[in-house]
Structures are given as C-alpha cells and as structure tokens.
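Residue-level listing of the chains:
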Amino acid sequence: MTGWAGILQTARSGSGFYSIQAGLELEVIAAVVIGGASLSGGEGTMLGTLVGALLLAVLDNGCKKLDLPNEFRFIVIV
C-alpha cells in the first residue's frame with residue numbers, strides 16, 4: 001500500500017521529493033482511529049481504515065468548498 005501511495009503521489013505532484021507529504025502523520029492516525037482501530041490493541045480492518053480516510057477526505061473537501069481558513073480546517077478534521 002505504501003508503494004502504491006508513493007506512485008500515486010509522484011504522478012499527482014510530478015516529482016519524487018521525499019518530504020512532499022511531511023506532517024500528515026496525525027491525519028493518518030486519525031483516519032485509522034475513525035475507522036475503528038484501537039490505539040492500545042492494534043485491532044482494526046483495512047475496510048475501516050479506508051472508511052475513516054474517506055470520511056476525513058469528505059470533511060476536508062467540504063471545508064475547502066466552504067472556503068474556511070486552514071487553521072479551522074485542521075480543527076474540524078482532526
């Protein structure tokens with residue numbers, strides 16, 4: 001999955017710079033937790049993680065469509 005994400009990000013940005021997505025760790029953890037994984041036990045499913053990521057993407061897109069400032073988007077999403 002990580003390799004596939006790297007291929008998609010390189011195709012999207014047009015470059016292979018190693019720190020292009022630095023700082024997104026909190027969003028990844030939030031997507032996994034929203035998807036139902038336990039932080040203390042590591043129990044979760046791939047489908048749950050995808051649903052969590054989809055929910056975060058929908059919220060982020062909605063905030064962008066409402067033209068909310070970046071600081072507020074971060075609070076709403078995470």
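Attention here is on the structure that accompanies the text. Everything quoted here is computed from the prediction, not taken from an experiment. (Residues numbered from 1 in each chain as written. Predicted model: local features only at pLDDT ≥ 70, side-chain atom pairs only at ≥ 80, totals over all residues. Heavy atoms only, no water.)

**Focus on unusual backbone geometry**
Here is step 1: Despite not being glycine, Asp-67 has its phi angle at roughly 60 degrees, a positive value.
Here is step 2: Inspection of the secondary structure assignment puts Asp-67 in the loop between helix 3 (46-65) and helix 4 (70-77).
Here is step 3: Of the residues examined, Asp-67 reaches a relative accessible area of 64% and is grouped as exposed. (Helix = DSSP H or I, 4+ residues; strand = E, 2+ residues; numbered from the N terminus. Buried < 20%, exposed > 50% of the residue type's maximum accessible area, 1.4 Å probe, protein only.)

**Digging into the environment of Gly-35**
Here is step 1: Secondary-structure assignment places Gly-35 in the loop between helix 2 (25-34) and helix 3.
Here is step 2: Expressed as a C-alpha distance, the spacing of Gly-35 and Thr-49, which sit 14 residues apart in the sequence, is 4.5 Å.
Here is step 3: Excluding residues within four positions of it along the chain, Gly-35 makes contact with Gly-48, Thr-49 and Gly-52. (Contact = heavy atoms within 4.5 Å.)

Any functional reading would require information that these geometric values do not contain.
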